[in-house]
Amino acid sequence: MEGGVDYLADERKKAEFDVQQMKIVWAGSHHTFEISDRISKLVANDPAFSKDERTMLPRKELFKNTLRKASYAWKRINDLHLSEEEASQLRFYVDEPAFTDLHWGMFIPAIKGQGTDEQQKKWLPLAYKMQIIGCYAQTELGHGSNVQGLETTATFDPQTDEFVIHSPTLTSSKWWPGGLGKVSTHGVVYARLITDGQEHGIHGFIVQLRRLEDHRPLPGIIIGDIGMKFGNGAYNTMDNGVLRFDHVRIPRDQMLMRVSQVTRDGKVVQSDVPRQLVYGTMVYVRQTIVQDASCALSRAVCIATRYSAVRRQFGSHNGGPETQVIDYKTQQSRLFPLLASAYAFRFVGEWLKWLYTDVTQRLQANDFSTLPEAHACTAGLKSLTTSVTADGIEECRKLCGGHGYLCTSGLPELFAVYVPACTYEGDNIVLMLQVARILMKTVSQLGSGKLPVGTMAYMGRIEHLLQYRCNVQKAEDWLNPAIVLEAFEARAARMSVSCAKKLSKFANPEEGFAELSADLVEAVVAHCQLIVVSKFIEKLQQDIPGKGVKQQLKVLCGVYYLFLLHKHQGDFLATSCVTPKQASLANDQLRVLYSQVRPNAIALVDAFNYTDHFLGSILGRYDGNVYPKLYEAAWKDPLNDSVVPDGYHQYIRPLLKQQRSAKL
Ligand SMILES: CCC/C=C/C(=O)SCCNC(=O)CCNC(=O)[C@H](O)C(C)(C)COP(=O)([O-])OP(=O)([O-])OC[C@H]1O[C@@H](n2cnc3c(N)ncnc32)[C@H](O)[C@@H]1OP(=O)([O-])[O-]
Ligand SMILES: Cc1cc2nc3c(=O)[nH]c(=O)nc-3n(C[C@H](O)[C@H](O)[C@H](O)COP(=O)(O)OP(=O)(O)OC[C@H]3O[C@@H](n4cnc5c(N)ncnc54)[C@H](O)[C@@H]3O)c2cc1C
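A quick note: this is a predicted structure, and the numbers were derived from the prediction, not measured.

Asks: Honestly, the site of ligand 1 in this entry has me stumped. Any pointers?
Replies: By nearness alone, 21 residues border ligand 1, and Val147, Gln276, Tyr279, Tyr424 and Gly426 come closest of all. Of all the secondary structure elements, the ones that give two or more residues to the shell around ligand 1 are helix H8 (280–310), helix H10 (371–399) and helix H12 (428–444). With three residues, H8 is the largest single contributor of residues to the shell around ligand 1. Here the residues of the shell around ligand 1 sort into nine nonpolar, eleven polar and one charged.

See the structure below:
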């Protein structure tokens, strides 16, 4: 502990639950806790992983530093014989976006999901040993969301048994892929398959981009970085790239052929797996993004909560200490719902990981029935959780007042790194509209006897949900999970049915869908919030050991759903799911829950088990020793290297002199 002082020690004494057990609940199991605890400390204690000056480095130095860290991380992974799980934790705690994220997170999964057994056998060992480094090259200058609109072509040449990869227009230049700009030797490149003059849609191809001998681009390839992105440090450690092909030839067996095959004579043969598997890597990554959302949000909340307990303003009586800002009800009403959301996203992320694993096992057994559910849940939850997290990080910055705006608070960089999550892996609105299509299809099939399944199963009780009347009489009734679930189900179902009714009035359904798309997005938000609420409630039905742990989670769950109910009162009232009186009782209960969170707030963020290295924030320091450290850090800024700044003689002195002579 810094100087032996723990400014948050009193706060920690107030905790009413077993923090160590909560750490295990947060991590998911003893096993994952043990690994993340050990690896996060290993990274934190290694000066080679220091991130002190990241926001002050010019781009070239910043990038070189990232290369150094990534190569050192790889060395540590090998020297210590880390398992795949430990290695991925190590990369996570190094906490610096790098080409390795795309290599392990998209290139390898794309080959695994879309390559045949033979292709996997050939490419995966090279990738696992990092003898080749790969990226995921899908998006182009002209098209990202509209994957079917990509323009890069892969034309089969039966003479040579090769594909010719070509960028026919400027807008067909690949644009954005991470790791592409300066590092990747290979890419899974998405292109329009053409055989015998006929188009066969978008497919993935493994294309070598750089020579393995000297890293120079292969003939016919133009490649580079797309330039600086938002924020200091932040995502600029990543070499998002541009790539153009001029009739580049690759062997036929480098088309990923699990979904469709091209034969020696140029025939396209469809496998019995659905075409949508070409989108499978995106489904995988969207699922991981939901888990990442809870990490990013919890990190911001940890900083804002600790600082809110350290910071005091106003309210001193008889010379006593001023009020800790965490005791202001307005501060609690902004902070505690975010704390509750971090826990809610953790549990829904855990569930989504289970769903994804289940779907993958079914796919391997040629059962494709749950693919639409996987698509709807990953797309919807990715959108919901990233939007709330991005806004939540910014709210945490405001909760930290002026000091939150300093880079040393860690919040500006966290925000800058995080916000593109609302765009990459599918723009959040575009993904919501995907879920809207599935919701509308589900509603339209309700009369056909086909019962909705999975997270849409509640729609099967549509008659009941349309008749539903909430019977909350007093504030505490809102603590009953069954009542809450029904209210959320009825709201989501009624909003979907209302959209479906309006849609049916349009002669052209596509026109109707476009016209009503803003309403549809609101219905999807209601549906996705229901999923998160229901998974939190399900979590509470499990056996959760540890003194007071389950009770704290019940309180957080209540904060999560009652905050949503309060924020979206308009929906609940407009659909007559609750009365104004019941909405007001919900808000009364919410205030009671805030006061129950208050004494446990610091312990609830300690349960994330983040090291000071990972948090990267003076305001969020474990010991709360904020002011001396802020003061100390200011003097490390390069601007303070000299007492008189560079430029004084050139600009300041003449200015002052001129004013002096004007006065005389
Ligand atoms: C981490 C940092 C790095 C970042 C990396 C990146 O960003 S990488 C780049 C990330 N880039 C992006 O994320 C791009 C975002 N854009 C897209 O994903 C697609 O272009 C689209 C989904 C918006 C439209 O697709 P489309 O033009 O094909 O048109 P359509 O809407 O007519 O759908 C046809 C059918 O397919 C179904 N279906 C759709 N997707 C999936 C799926 N994943 N799975 C299963 N199924 C899916 C859909 O439900 C429909 O089913 P139905 O009704 O026939 O039963
Ligand atoms: C940091 C970062 C990293 C990335 N990494 C990669 C990578 O590794 N590999 C890769 O291939 N790509 C990558 N991308 C690209 C990313 O996947 C795309 O930018 C993303 O899918 C959004 O597509 P877009 O840029 O075409 O947005 P656009 O679709 O042009 O979006 C612009 C606006 O139009 C709206 N809009 C678009 N279509 C519709 C519609 N049908 N209905 C209503 N509104 C609509 C959107 O909501 C948005 O407001 C990355 C992007 C970023 C920012």
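Asks: I keep staring at helix H3 (residues 30–44) and nothing clicks. Help me out?
Replies: One turn of the α-helix equals 3.6 residues, which is why residues spaced by three or four share an orientation. Here H3 is 15 residues long and its end C-alpha atoms lie 21 Å apart, about the 21 Å a rise of 1.5 Å per residue gives. If you check which residues of H3 are buried, you get Ser36, Ile39, Ser40 and Val43. Buried residues along H3 cover an arc of 105 degrees about the axis, so they all sit on one side. Summarising the geometry of H3, the exposed residues directed more than 90 degrees from the buried face are His30, His31, Glu34 and Arg38. Here the buried face of H3 lies against helix H2 (19–27), helix H5 (84–94) and helix H21 (612–615).

Asks: Would you mind showing me how to read the site of ligand 2 here?
Replies: For ligand 2, the set of nearby residues contains 22 residues, the closest of which are Gln138, Thr139, Gly144, Ser145 and Trp176. Mapped onto the shell around ligand 2, the elements with two or more residues apiece are strand S1 (134–137) and H12. Per-element accounting of the shell around ligand 2 gives the leading share, three residues, to H12. In terms of residue class, the shell around ligand 2 is built from eleven nonpolar, nine polar and two charged.

Asks: Please clarify how the UniProt feature "active site" (unreviewed entry) in the protein should be interpreted in this entry.
Replies: In the numbering adopted here, UniProt assigns the feature "active site" (unreviewed entry) to Glu425. Among the structural elements, glutamate 425 can be located in the loop between helix H11 (411–418) and H12. Judged by local crowding, glutamate 425 falls into the buried class, with 24 C-beta atoms found within 10 Å. Sequence-distant contacts of glutamate 425, that is, excluding residues within four places in its chain, are made with Met282, Val285, Arg286, Ile289 and Lys382.

Asks: Explanation requested: H10 in the structure shown.
Replies: Over its 29 residues, H10 runs 41 Å from end to end, which matches the ideal 42 Å to within 8%, given 1.5 Å per residue. With 21 of its 29 residues buried, H10 lies for the most part within the structure.

Conventions we followed
Residues numbered from 1 in each chain as written. Chains lettered and ligands numbered in written order. Predicted model: local features only at pLDDT ≥ 70, side-chain atom pairs only at ≥ 80, totals over all residues. Near = placed C-beta within 6 Å. Helix = DSSP H or I, 4+ residues; strand = E, 2+ residues; numbered from the N terminus. Nonpolar A, V, L, I, M, F, W, Y, C, P; charged D, E, K, R; others polar. Expected span 1.5 Å × (residues − 1). Buried ≥ 20, exposed ≤ 12 C-beta atoms within 10 Å, placed from the backbone. Arc of directions from axis to C-beta. Contact = placed C-beta atoms within 7 Å. UniProt positions renumbered as here; feature names shortened; annotations may be inferred.

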